[in-house]
Amino acid sequence: MNLLPGVEAHSITTSRLRTHYYRSGPSDGIPVVMIHGNLSTGRFYEHLWGDAPDRYLFIAPDMRSFGRSDPAPIDATRGLDDWAEDTRALLESLGIDTPPHLVGWSTGGAAIASYAMRHPAASLTLIDPVSPFGYGGTHRDGTPCQPDWAGTGGGTANPDYTQRLGSGDRSSEPLSPRSVMTSAYWSPEYRLPEEREEILVDEVLLTVTGEDGYPGDLVPSDNWPMIAPGTRGILNALSGKYCNWADLPDLEDKPPVLWTHGSNDIVVADGSAWEMGTLGQMEIIPGWPGEEVFPPQPMVTQIRDVLERYAANGGRVEIEMMEGSGHGPHIDAADRWADIFFTFLASI
């Protein structure tokens, strides 16, 4: 697999599924579990481990329907609970019974929040996480724009991209997995070394496509844009109909939280270019009912609102807005991000 030095790849059958994971560090080290985002795998973290402090054991699984883990279906009605419970089962199978430090990028951010709302965690590091009210279709307070959550879920995926993903397209054509990765996963000004880019394209193309994976199913709606979330697959799991971590501030035992966010993120943003409210406002999706009915989702503002409430309720929150970074500051500003992250861990 051409892994970076010090990184190992393993698979283990847990109580829930066969999970493929990457690891680095001493087996008796402090566990740090890193959960990837949508349309990626655990390998999107391995570059951070070479110069990491040697007291940590890093574990980065491929989540269900991604990478080399079992292509188990995603029950969207549980939000990201499938991912959270898969992580819990992995730790149990590895014999790790101490609360882990959890890192979650994008979709993984919602997954680690779900984990912490059900199981002890030593800390949470959120990298450009999905909003506490899911992806798309909400007002600032989390109220849905449409009663059936129309405009969110599996039907919002671009069919051209989905077809290219399923067919293993490695081209640089618009809407190819490579082009989306290099233009949206991190700052478009940043370029990976050619060999590394090819490795990560390989990883993206391992995504399971269809109704049980990416993007999921959909149901027709009488509300704009005439599609509503189904019950299967990853994009439905991200709909605010099912995905909600806004109650995190109500935890009795609050793990310290670090939130890092790229200032140039176009995926998770106030007015994300990938969200139906923004696309309607831009007249890319016709028939937009207007800002009063379906505004662009203020994702970053919603994250800040919830984390400010977390702090007001006695939790510790650190926030780093990373100027010039895109959706993945742990990649396009890896050295700076790692310094922030390891300083945070050392302070706990």
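Below is a short write-up of the structure.

Conventions used here
- Residues numbered from 1 in each chain as written.
- Predicted model: local features only at pLDDT ≥ 70, side-chain atom pairs only at ≥ 80, totals over all residues.
- Heavy atoms only, no water.
- Salt bridge = Lys/Arg side-chain N within 4 Å of Asp/Glu carboxyl O.
- Helix = DSSP H or I, 4+ residues; strand = E, 2+ residues; numbered from the N terminus.
- Buried < 20%, exposed > 50% of the residue type's maximum accessible area, 1.4 Å probe, protein only.
- Pairing = 2+ DSSP bridges.

## A short note on the pattern of salt bridges
Right, on to step 1. Here the structure, examined in full by the defined rule, presents 25 salt bridges.
Right, on to step 2. Here Arg18 and Asp70 are joined by a salt bridge, their closest N and O atoms 3.2 Å apart. Highlighted residues: Arg18 in strand 2 (residues 18-24) and Asp70 in the loop between strand 4 (56-61) and helix 1 (81-93), separated in sequence by 52 residues.
Right, on to step 3. Of the residues examined, Asp70 reaches a relative accessible area of 25% and is grouped as partly exposed.
Right, on to step 4. For Arg140, the salt bridge goes to Asp305, with nearest N and O atoms at 2.8 Å. Of the two residues, Arg140 sits in the loop between strand 6 (123-127) and helix 3 (159-167) while Asp305 sits in helix 8 (residues 299-312), which places them 165 residues apart along the sequence.
Right, on to step 5. Take Asp305: its relative accessible area is 27%, and that puts it in the partly exposed class.
Right, on to step 6. Linked through salt bridges whose partners overlap, the residues forming this network are Arg170, Arg178, Arg191, Glu197, Glu198 and Asp202.

## So, the pairing of strand 11 (residues 257-262)
Right, on to step 1. Strand 11 sits mainly inside the fold: six of its six residues count as buried.
Right, on to step 2. Alternating residues of strand 11 divide into Val257, Trp259 and His261 and Leu258, Thr260 and Gly262, and every residue in both groups is buried.
Right, on to step 3. With four bridges joining them, strand 6 and strand 11 adopt parallel strand pairing. Opposite Thr125, over in strand 11, you have Leu258 as the bridge partner.
Right, on to step 4. Looking at chain direction, strand 11 and strand 12 (residues 317-322) are connected through six bridges and run parallel.

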